[in-house]
Amino acid sequence: MRVTLLFFGYLLVCFALAAVLTVPLMHAGWLDVPPHRLMARLAQLFMLLGCVPLLWALGLWCRATLGYAVPRFDLTRALAGGWLLGVGMMSVVVALLLGCGARVWSASWPTALAAAIASMPAALLGGGLIALIEETFFRGALFGAIRRHGGLMAAAGWSACLYASVHFLKPRALPVADAFDSGDAFEMFVSAFTAAWQWHHLDSWLALLLAGLLLAAVRERTGHLGWCIGLHAGWVFVIQIARRLTDGNDTSPWRWFAGDYDGVIGLLAAAWLGVLLLAFWMRPGPARLFSSSRRG
């Protein structure tokens with residue numbers, strides 16, 4: 001848990017720096033961006049800039065710990081295979097949401113279809129970048145650091161828990177005011193860390209937790225991040241395309257199957273990911289999720 005708290009502290013510092021810098025940037029008037037979006041983008045920038053120095057200082061900047069100690073051909077093949085598998089897995093969720101009426105095809109589907117096709121390259125690139133960054137951080141550095149000295153259950157559980165929680169660390173938009181000051185910045189800073197614990201996020205948080213556990217099990221079983229990055233990228237790709245082609249249906253009695261986070265990741269996705277995790281765990285292999293073995 002000490003390593004998890006250290007990584008959480010790093011995220012806390014990044015948000016604090018973003019909050020401090022948001023005030024003078026808003027007063028300067030250089031950027032026509034709402035304060036909460038500016039703070040979120042600054043926090044993400046600080047996370048990226050500080051990630052390498054942090055990993056270096058902790059002795060985690062090595063291919064084996066980060067999950068890249070594998071020949072390039074094997075890594076590329078795993079990326080491609082994982083992406084196809086991820087697309088198939090998340091397509092099942094979208095199809096079931098459409099089948100039960102929790103989501104419906106967009107009313108202007110010809111326009112939506114054209115927009116979805118046009119956005120596919122961006123969705124492919126965006127999903128790849130998101131997967132690369134998040135998998136390197138969570139299933140690479142955090143998982144690897146905990147796994148060095150602890151069992152697989154601790155490494156998978158804590159990395160998945162922080163992974164799920166981080167998705168809800170978003171500053172809340174404030175009412176329009178005449179001037180943005182340090183008090184407003186502090187309020188947004190606090191809101192970023194309280195939104196994750198709201199009840200209406202629980203279903204999406206659970207789905208992301210199970211996704212993190214499944215990805216951790218894949219990392220342990222394969223020994224590298226290739227399949228993890230591919231799966232993650234495939235999931236993001238399908239979600240982005242589905243949100244362009246379909247709309248949430250608030251009148252459906254099954255609308256609670258789709259989560260509030262993005263309209264896709266909710267209880268139905270959690271159930272599906274839970275089934276996949278159980279199947280993967282029961283499948284014969286060199287490691288199981290709740291193994292107590294240690295790595296040197």
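As a convention, each chain's residues are numbered from 1 in the sequence order in which they are written. Residues qualify for local features only when their pLDDT is at least 70, as the model is predicted, and side-chain atom pairs are given and counted only at 80 or more; totals for whole chains, interfaces and linings, by contrast, use all residues. Remark: hydrogens and water are excluded; side-chain values derive from all non-hydrogen atoms of the structure.

Draft legend 1. Focus on the nonpolar core. We define the nonpolar core as a collection of buried residues of types Ala, Val, Leu, Ile, Met, Phe, Trp, Tyr and Cys that are connected through side-chain atoms lying within 4.5 Å of one another. Classification of residues uses two cut-offs on accessible area relative to the type maximum, computed with a 1.4 Å probe and protein chains only: under 20% is buried, over 50% is exposed, and between them is partly exposed. Among the nonpolar cores identified, the biggest contains 90 residues, and Phe7, Tyr10, Phe15, Met90, Leu97, Leu214 and Trp235 are the most heavily contacted of them. The way it works is that DSSP assigns letters per residue, a run of H or I at least four long becomes a helix, a run of E at least two long becomes a strand, and they are numbered from the N terminus. Among the elements that make up this core, the one with the highest residue count is helix 8 (residues 202–222) (twelve residues). Should any heavy atoms of two residues lie within 4.5 Å, those residues are considered in contact. If we skip the residues at most four places from it in the chain, Leu214 touches Met89, Trp235, Leu273, Leu276, Leu277 and Phe280.

Draft legend 2. Quick peek at the confidence of the model for the protein. For every residue, the predictor reports its confidence as pLDDT, a number between 0 and 100. Here the protein averages 88 in pLDDT, and 93% of its residues register 70 or above. When mean pLDDT is compared element by element in the protein, helix 4 (residues 72–100) scores highest at 96, while helix 7 (residues 182–194) scores lowest at 87. Throughout residues 287–296 the model reports pLDDT below 50, and contacts reaching past four residues in sequence, or to other chains, amount to 30 contacts.

Draft legend 3. Layout of the pattern of salt bridges. The salt bridge criterion pairs a side-chain nitrogen of Lys or Arg with a carboxyl oxygen of Asp or Glu, the two atoms within 4 Å. Within this structure, the stated rule accounts for four salt bridges. Here Glu135 and Arg139 are joined by a salt bridge, their closest N and O atoms 2.7 Å apart. Of the two residues, Glu135 and Arg139 both sit in helix 5 (residues 109–149), four residues apart, roughly one turn of that helix. For the pair shown, Glu135 and Arg139 are each scored as buried. We note a salt bridge from Arg172 to Glu187, for which the minimum N-O separation is 3.1 Å. In this pair, Arg172 sits in the loop between helix 6 (152–166) and helix 7 while Glu187 sits in helix 7, placing the two residues 15 residues apart along the sequence. Judged by relative accessible area, Arg172 falls into the partly exposed class, the value being 42%. Take Glu187: its relative accessible area is 36%, and that puts it in the partly exposed class.

Draft legend 4. Quick peek at the packing of helix 1 (residues 2–28) against helix 6. Running from amino to carboxyl end, helix 1 crosses helix 6 at an angle of 20°, the nearest separation of the two axes being 10 Å. Considered as vectors, helix 1 and helix 6 are oriented roughly parallel to each other. In this structure, the crossing between helix 1 and helix 6 has a hand that is right-handed. Residues Thr4, Phe7, Phe8 and Leu11 of helix 1 lie in contact with helix 6, whose contacting residues are Trp158, Leu162 and Val166. By the convention adopted, Pro, Cys, Tyr, Trp, Phe, Met, Ile, Leu, Val and Ala count as nonpolar, Lys, Arg, Asp and Glu as charged, and the other residues, Gly among them, as polar. In the contact of helix 1 with helix 6, the residues fall into six nonpolar, one polar and no charged. Every axis corresponds to a line fitted to the C-alpha atoms, with the helix fit spanning only the stretch in contact, and the corresponding angles, defined between N-to-C directions, vary from 0 to 180 degrees. With respect to orientation, any angle under 35 degrees is reported as roughly parallel, any angle over 145 as roughly antiparallel, any angle of 65 to 115 as roughly perpendicular, and every other angle as oblique. Less than a right angle of anticlockwise turn of the near helix away from the far helix marks a crossing as left-handed, whereas a clockwise turn marks it as right-handed.

Draft legend 5. How the structure looks around a positive patch on the surface. Together, Arg37, Arg41, Lys170 and Arg243 line one region of the surface with positive charge. Within the secondary structure, Arg37 is located in helix 2 (residues 35–57). Residues forming no salt bridge and having over 30% relative accessible area are the ones grouped into patches, like charges within 9 Å of each other and nonpolar side chains (Val, Leu, Ile, Met, Phe, Trp, Tyr) within 5 Å. For the accessible areas, the method is Shrake-Rupley and the probe is 1.4 Å, while residue cover comes only from the protein chains on display. Positive charges come from Lys and Arg, negative ones from Asp and Glu, while His and the chain ends are left out of the count. For this purpose, a charge sits on NZ of Lys, CZ of Arg, CG of Asp or CD of Glu.

Draft legend 6. A look at the side chain of Glu135. What makes Glu135 buried here is its relative accessible area of 0%. We define a polar contact as two N or O atoms separated by no more than 3.5 Å, with the added condition that, inside protein, one atom must be a possible hydrogen donor and the other a possible acceptor, whereas residues neighbouring each other in sequence contribute only through side-chain atom pairs. At 2.7 Å, the side chain of Glu135 forms a polar contact with the side chain of Arg139. Excluding residues that lie within four positions of it along the chain, Glu135 makes contacts with Gly140, Leu215, Leu225, Cys228, Ile229 and His232.

Draft legend 7. Fine view of the packing of aromatic side chains. Two aromatic rings, drawn from Phe, Tyr or Trp (for Trp, its six-membered ring), form a pair once their centres lie within 6.5 Å of each other, and the interplanar angle then sorts them: stacked below 30 degrees, edge-to-face above 60, tilted otherwise. This structure, assessed with the given rule, holds twelve aromatic pairs. Ring geometry for Phe15 versus Phe193: centroids 5.3 Å apart, planes at 75°, classification edge-to-face. Separated by 178 residues along the polypeptide, Phe15 in helix 1 and Phe193 in helix 7 bring together distant segments of the chain. Phe193 shares its class with Phe15; the two are buried. Feature note: the residues Phe7, Tyr10, Phe137, Phe138 and Tyr163 constitute an aromatic cluster, connected by ring pairs. Over the ring of Tyr163 we find Arg139, and its NZ or CZ is 4.3 Å from the ring centre. In this scheme, the term charge over a ring applies when either NZ of a lysine or CZ of an arginine sits within 6 Å of the ring centre and within 35 degrees of the ring normal.

Draft legend 8. Fine view of helix 8. For helix 8, which comprises 21 residues, the first-to-last C-alpha distance of 30 Å matches the rise-based estimate of 30 Å (1.5 Å per residue) to within 8%. The buried fraction of helix 8 amounts to 18 of the 21 residues, a majority that puts the element mostly inside the structure. A helix's residues, less one, multiplied by 1.5 Å, set its expected span.

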